[in-house]
Amino acid sequence: MVYFTMFLRHIPHTNPQNIVNMLSRPMQDFHGQMNLLKTETERWTENQYAVVFLGADEERVERLERIIEDYQIKATVRKETDAILPGHCQIIPGDLNAGFELNADKIAVLTEKELFKKQTKKMKRRQKISNAERIKSYQELKVGDYVVHVNHGIGKYLGIETLEMKGNHKDYLLLRYAGDDKLYVPVEQIDQVQKFVGSEGKEPKVYKLGGNDWKKVKTRVRSSVQDIADDLIKIYAEREASKGFAFPSDGDEQRDFEAKFPYQETEDQIRAITEIKEDMERERPMDRLLCGDVGYGKTEVAIRAAFKAIMNEKQVAFLVPTTILAQQHYETIKERFQDYPINIGLLSRFRTRKQQNETIKGLKQGSIDIVIGTHRLLSKDVQYHDLGLLIVDEEQRFGVTHKEKIKKLKANVDVLTLTATPIPRTLHMSMLGVRDLSVIETPPENRFPVQTYVMEYNHVFVKEAIERELARGGQVYFLYNRVEDIERKAEEISLLVPEARVTYAHGKMNESQLETVMFDFLEGEFDVLVSTTIIETGVDIPNVNTLIVHNGDKMGLSQLYQLRGRVGRSNRVAYAYFTYQRDKILSEVAEKRLHAIKEFTELGSGFKIAMRDLSIRGAGNLLGAEQHGFIDSVGFDLYSQMLKEAIEERRTKQDADEVTPTDAEIQLDLDAYIPSTYVNDERQKIDMYKRFKGVSSLEEIRDLQDEMVDRFGEYPKEVADLFTITRMRILASYHQIEKVVEEKKHLHALLSDDATKMTDAGKLFDIVHQLGAEARVGTEGSKIKLIVDIDKVKGASPFDVMEKMIIKLGDAKKEEEVAS
């Protein structure tokens with residue numbers, strides 16, 4: 001028996017006779033940048049690599065030959081049976097899913113996907129954040145995971161089983177409870193099953209089916225949740241009632257300032273700017289969270305808000321977690337404000353005592369308009385003449401005492417919080433509406449995803465990675481998080497790549513040393529910076545496009561993501577290598593983190609990373625210590641759902657678009673499910689069932705049909721039947737139909753009392769009469785019933801006829817209903 005694994009791990013009940021370590025890595029994507037391909041092929045052939053380009057057929061081989069020749073890359077066309085030649089480029093007919101590099105064998109194989117894959121820009125449907133960003137959307141359910149069923153409690157997920165009943169097949173989630181009790185949950189009830197997320201390493205209690213224990217736990221948690229909901233509503237009401245400063249609308253100076261921005265704003269940036277300005281122009285103080293990836297333009301959005309405040313004679317405080325970041329923001333803001341009479345202050349340990357005292361004096365007197373600083377801004381001696389806007393960058397990096405001081409500073413002042421990976425509590429408050437949320441998901445133009453590799457630490461890779469970056473005139477971050485021997489590691493890198501100019505930096509250096517090193521690196525005096533995690537929220541250096549992380553398995557997921565955001569901030573393809581020690585058996589948590597950082601390579605993954613981090617390390621102390629036990633007893637997801645429901649109950653008004661129609665009862669004699677012959681991966685199958693459950697319009701159904709064909713090929717009749725049932729569910733909910741049932745050669749749709757009252761029976765009879773003999777109208781008690789006689793339907797499906805009847809209900813409304 002042979003096991004393949006990305007990480008060295010102990011496989012239960014096995015005793016391996018031999019462990020073979022293959023040094024390989026996925027081929028990078030070139031995104032059509034043929035100059036970069038030329039540089040790489042030259043490097044490979046110089047090192048005697050056999051470089052193989054694969055063309056799917058003869059026509060593709062000829063096309064590849066022409067393109068490669070245009071860029072002066074020497075390559076010969078060879079047959080599949082020919083031996084491959086070291087030190088040469090060759091084009092061979094063949095087809096693989098993806099290319100790869102085998103370093104020990106000196107082979108590089110490239111497919112057309114890596115050469116020409118362009119960034120595809122899919123139009124994203126704008127959904128409200130509470131729906132789009134549900135935590136469970138980013139959690140994969142695996143066999144053996146603990147799950148929570150809303151009505152039956154915590155059990156274990158055993159997989160999907162297809163059962164046959166009355167000749168029709170249906171998929172069920174199989175859950176095991178205490179005492180080997182089993183529960184089969186139909187996939188249409190998939191929203192009632194959630195992955196259990198509690199405290200890390202804590203085994204939850206598994207319940208017995210039909211017992212009262214789960215009901216008691218839910219009752220206890222619901223009572224606690226209601227108390228919290230009252231507190232949150234109180235906070236929300238106080239915030240709504242509190243009086244702040246209502247800024248006037250934009251003037252000519254604001255428009256002039258924004259026109260001078262040297263780049264094209266993204267759609268998300270424009271939306272976020274609009275939302276923030278609308279908040280500032282209200283009397284209620286703003287409390288908005290701006291979530292966006294590193295380098296996505298959050299700072300520019302904040303600068304525009306700051307300019308608006310300053311132009312209205314208010315002061316601005318910009319609070320950042322590190323000294324280096326304070327310096328970076330100071331330089332950026334100084335450059336953006338250079339044409340305006342705006343006084344900018346900086347409070348950090350890079351400033352002398354005298355300079356700091358002058359800034360503090362200027363703030364109190366009102367001569368300083370904006371101050372950028374670390375937690376020094378929160379000191380007692382810092383007082384403001386008239387503070388109007390507080391901007392907090394990466395709030396989660398401040399300690400508890402700092403956060404308490406920030407709270408005091410927030411009173412009646414507009415607050416804008418910037419973050420790439422929000423902590424669960426912050427995010428949760430935003431989802432519940434206690435804080436407003438703006439998200440920047442669109443990357444700037446000409447930005448590529450960072451090529452991410454997770455691998456054993458190896459000198460060959462490190463040397464290659466550094467040489468590749470130096471060959472294109474770039475710089476490298478080497479992250480080594482041990483201060484005691486960081487100097488020795490820098491010397492080791494110097495010996496490994498003699499032509500590289502290497503320096504090092506860490507947090508225990510005094511400010512002048514650290515400032516000098518960072519400034520010299522920024523100015524290009526050094527090629528490689530060996531550094532601790534101080535670069536995590538550090539200086540933006542677009543010329544650094546290779547990151548090597550030593551012992552990446554020892555870091556948190558959000559931290560790994562922030563570090564990766566340090567590269568790929570220009571229009572160059574960037575590389576990130578997360579390494580772990582050779583022959584080290586990783587912990588399950590470390591393995592999950594490294595898998596996740598590799599999985600979430602697409603641009604704009606910060607939000608997903610935050611959610612995955614929550615599922616890996618557990619819910620933690622979400623809403624204070626007293627809530628810990630409650631979250632652990634029902635799981636984070638159900639707890640969140642209960643809290644949201646409690647808040648909705650207490651809100652005096654509810655947005656009309658938040659009212660979701662109740663699902664109609666659909667009973668059709670159809671073999672509607674996703675066969676394993678069509679989608680055989682269970683996680684993908686669960687994902688697709690969730691998508692079916694989540695669609696709420698006919699347009700979304702069409703999108704889902706296109707996606708299924710795109711991902712899995714033409715779908716079989718069983719999936720087509722699943723679409724029929726989903727379409728019927730949406731139409732029935734929209735037109736207030738209680739149930740659609742197929743029985744004894746008839747198809748019935750029963751209207752609700754409200755729908756019956758709104759419908760003109762005479763009009764409906766005339767409309768239905770035009771559809772043909774197979775369609776008719778009847779009643780059941782006081783309610784109208786639509787009927788299709790299945791035997792009379794010719795040349796169409798009875799479900800198509802029923803769809804037409806339901807849609808025509810809109811034309812049969814009473815006159816007063818149409819008028820209203």
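Coordinates for the structure precede this section.
What counts and how
Along each chain, the written sequence defines residue order, and numbers are assigned to residues from 1. Confidence filtering applies because this is a predicted model: local features only for residues at pLDDT of at least 70, side-chain atom pairs given and counted only at 80 or more, and all residues used for totals across whole chains, interfaces and linings. For side-chain calculations, the full set of non-hydrogen atoms in the structure is used, while hydrogens and water are omitted. Helix numbering and strand numbering both begin at the N terminus, where a helix is a DSSP run of H or I of at least 4 residues and a strand a DSSP run of E of at least 2. A contact between two residues is defined here by any heavy atoms of the two lying within 4.5 Å. Under the convention used here, a 1.4 Å probe and the Shrake-Rupley method define accessible areas, while residue burial counts only the protein chains that appear. For two strands to be treated as a pair, DSSP must find no fewer than two bridges joining them. By convention, a stacked pair of Phe, Tyr or Trp rings (six-membered ring in the case of Trp) has centres within 6.5 Å and planes under 30 degrees apart, an edge-to-face pair has planes over 60 apart, and any other such pair is tilted. Think of it in three bands: with a 1.4 Å probe and only protein chains considered, a residue is buried below 20% of the maximum accessible area for its type, exposed above 50%, and partly exposed in between. Remark: a charge is flagged as sitting over a ring if the NZ atom of Lys or the CZ atom of Arg is within 6 Å of the ring centre and within 35 degrees of the ring normal. By definition here, a salt bridge exists when the distance from a side-chain nitrogen of Lys or Arg to a carboxyl oxygen of Asp or Glu is within 4 Å. Within the patch definition used here, like charges are joined within 9 Å and nonpolar side chains (Val, Leu, Ile, Met, Phe, Trp, Tyr) within 5 Å, considering only residues with over 30% relative accessible area and no salt bridge. Charge counting treats Lys and Arg as positive and Asp and Glu as negative, with His and both chain ends excluded. Think of each charge as sitting on NZ of Lys, CZ of Arg, CG of Asp or CD of Glu. A crossover counts as right-handed when, viewed with the strands pointing away from the observer, the path leading from the first strand over the helix to the second turns clockwise. Grouping buried Ala, Val, Leu, Ile, Met, Phe, Trp, Tyr and Cys residues that are joined through side-chain atoms within 4.5 Å yields what is termed a nonpolar core. Here the axes come from fitting lines to C-alpha atoms, over the contacting stretch only for helices, and the angles between their N-to-C directions go from 0 to 180 degrees. Under the rule applied, a polar contact is a pair of N or O atoms within 3.5 Å (in protein, one hydrogen donor and one hydrogen acceptor; residues adjacent in sequence only if both atoms are side-chain atoms). Angular relationships are summarised with four words: roughly parallel below 35 degrees, roughly antiparallel beyond 145, roughly perpendicular across 65 to 115, and oblique for the angles in between. Only Asp, Glu, Lys and Arg are considered charged, only Ala, Val, Leu, Ile, Met, Phe, Trp, Tyr, Cys and Pro nonpolar, and every remaining residue, Gly among them, polar.

## Here's the deal with the overall build of the chain
For the chain, the count of helices and strands is 27 helices and 29 strands. The long-range fraction of contacts in the chain, counting pairs at least 24 apart against all pairs at least 6 apart in sequence, stands at 74%. Per element, the accessible surface of the chain, about 39,900 Å² overall, is 48% carbon and sulfur.

## Things to note about the pairing of strand β10 (residues 182–186)
Pairing between strand β9 (residues 168–176) and β10: five bridges, direction antiparallel. The residue of β10 that forms the bridge with Leu174 is Tyr184. What sits between β9 and β10 in their antiparallel hairpin is a turn of five residues, with Gly179 showing a positive phi close to 65 degrees.

## Describing the packing of aromatic side chains
Summed over all chains, the structure comprises 14 aromatic pairs. Arranged with centres 5.5 Å apart and planes meeting at 55 degrees, the rings of Phe257 and Phe337 form a pair that is tilted. Of the two residues, Phe257 is situated in helix α6 (residues 252–259) and Phe337 in the loop between α9 (323–336) and β14 (344–347); the sequence distance between them amounts to 80 residues. For the pair Tyr715 and Phe723, a centre-to-centre distance of 5.2 Å together with 45 degrees between the ring planes defines the contact as tilted. Its relative accessible area of 24% is what places Tyr715 among the partly exposed residues. For Phe723, a relative accessible area of 1% gives the class buried. If you follow Arg304 out to its NZ or CZ, it ends over the ring of Phe261, 5.1 Å from the centre.

## Things to note about the pattern of salt bridges
By the definition in use, this model includes 43 salt bridges. The salt bridge involving Lys685 is made with Asp171; its shortest N-O contact spans 3.7 Å. Of this pair, Lys685 sits in helix α21 (residues 682–694) while Asp171 sits in strand β9, placing them 514 residues apart in sequence. Between Lys208 and Asp181 there is a salt bridge, with its nearest N and O atoms 3.5 Å apart. In this pair, Lys208 sits in the loop between β11 (193–195) and α5 (213–241) while Asp181 sits in the loop between β9 and β10, placing the two residues 27 residues apart along the sequence. It is possible to trace a salt-bridge network through shared partners that takes in Asp250, Glu258, Glu265, Lys277, Glu281, Glu300, Arg304, Lys308 and Arg336.

## Quick word on a negative patch on the surface
Taken together, the side chains of Asp57, Glu58, Glu59, Glu62, Glu65, Glu69, Asp70 and Asp95 define an acidic patch exposed on the protein surface. Mapped onto the fold, Glu62 is located in helix α2 (residues 58–70).

## Focus: the pairing of β14
The alternating pattern of β14 places Ile344 and Leu346 and Gly345 and Leu347 on opposite faces, both of which are buried. Relative to strand β15 (residues 370–373), β14 runs parallel, the two being bridged by four bridges. Across the sheet, residue Gly345 finds its bridge partner in β15, namely Val371. Handedness of the β14-helix α10 (residues 353–365)-β15 crossover: right-handed.

## Some remarks on the nonpolar core
Within the largest apolar cluster, 57 residues are counted, with the highest numbers of intra-cluster contacts made by Ile674, Met708, Leu786 and Met802. No other element matches helix α23 (residues 717–734), which puts seven residues into this core. When residues no more than four places from it in sequence are discounted, the contact partners of Leu786 are Leu747, His748, Ala749, Leu751, Leu764, Arg776, Met802, Met805, Ile806 and Leu809. In terms of nonpolar packing, the next biggest core, distinct from the first, is built from 44 residues, Leu36, Met455, Leu470 and Ala490 among them.

## So, the environment of Gly568
As for its position among the elements, Gly568 is in the loop between α16 (557–564) and β24 (575–580). It is 8.2 Å that separates the C-alpha atoms of Gly568 and Thr546, two residues lying 22 residues apart in sequence.

## Details of the sheet that holds strand β21 (residues 502–505)
Spatially, six strands are ordered β19-β24-β23-β20-β22-β21 in an open sheet, and the strand pairing comes out parallel. Two strands close off the open sheet at either side, each with one partner strand: β19 (451–456) and β21. With strand direction ignored, the average angle separating the axes of adjacent strands in the sheet is 20 degrees. With four bridges joining them, strand β23 (residues 544–549) and β24 adopt parallel strand pairing. Counterpart to Leu547 in the pairing with β24 is Ala576.

## Thoughts on the side chain of Asp414
On the secondary structure map, Asp414 appears in strand β17 (residues 414–419). Buried charge without a partner: Asp414 forms no salt bridge, and the closest opposite charge is Arg284, 7.6 Å away. Engagement of the side chain of Asp414 in a polar contact is seen with the backbone nitrogen of Met286, the distance being 2.8 Å. If sequence neighbours within four positions are ignored, Asp414 has contacts with Phe245, Phe247, Met280, Arg284, Pro285, Met286, Gly388, Leu389 and Leu390.

## What about the sheet that holds β14?
With parallel pairing, seven strands are arranged side by side in an open sheet as β14-β15-β13-β16-β17-β12-β18. The open sheet has two free edges, formed respectively by β14 and β18 (436–440), since each of these has just one partner strand. Averaged over all adjacent pairs, the angle separating strand axes in this sheet is 15 degrees, with direction ignored. Two strands pair when backbone bridges link them, and strand β13 (residues 315–319) and β15 are joined in this way by four bridges, in the parallel orientation. By the bridge assignment, Ala317 is partnered in β15 with Val371. α10 contacts β13, β14 and β15 of the sheet and is inclined by roughly 130 degrees relative to β14.

## A closer look at the packing of helix α13 (residues 459–471) against helix α14 (residues 486–496)
Between α13 and α14, the least distance of the axes is 10 Å, while the angle of their chain directions is 75 degrees. One element, α13, and the other, α14, form an angle in the roughly perpendicular class. Between α13 and α14, the contacting residues are His459, Val462, Lys463 and Ile466 on the first element and Glu492, Ile493 and Leu496 on the second. Along the lines of polarity and charge, the residues of the contact of α13 with α14 split into four nonpolar, one polar and two charged.

## Details of unusual backbone geometry
The backbone of Gln48 sits at a positive phi, close to 65 degrees, despite the residue not being glycine. One can find Gln48 in the loop between α1 (34–46) and β2 (50–55). For Gln48, a relative accessible area of 45% puts it in the partly exposed group. You will see that Gln72, though not glycine, has its phi angle at about 55 degrees, which is positive. Looking at the element boundaries, Gln72 is found in the loop between α2 and β3 (76–77).

Purely geometric numbers; function is a separate question.
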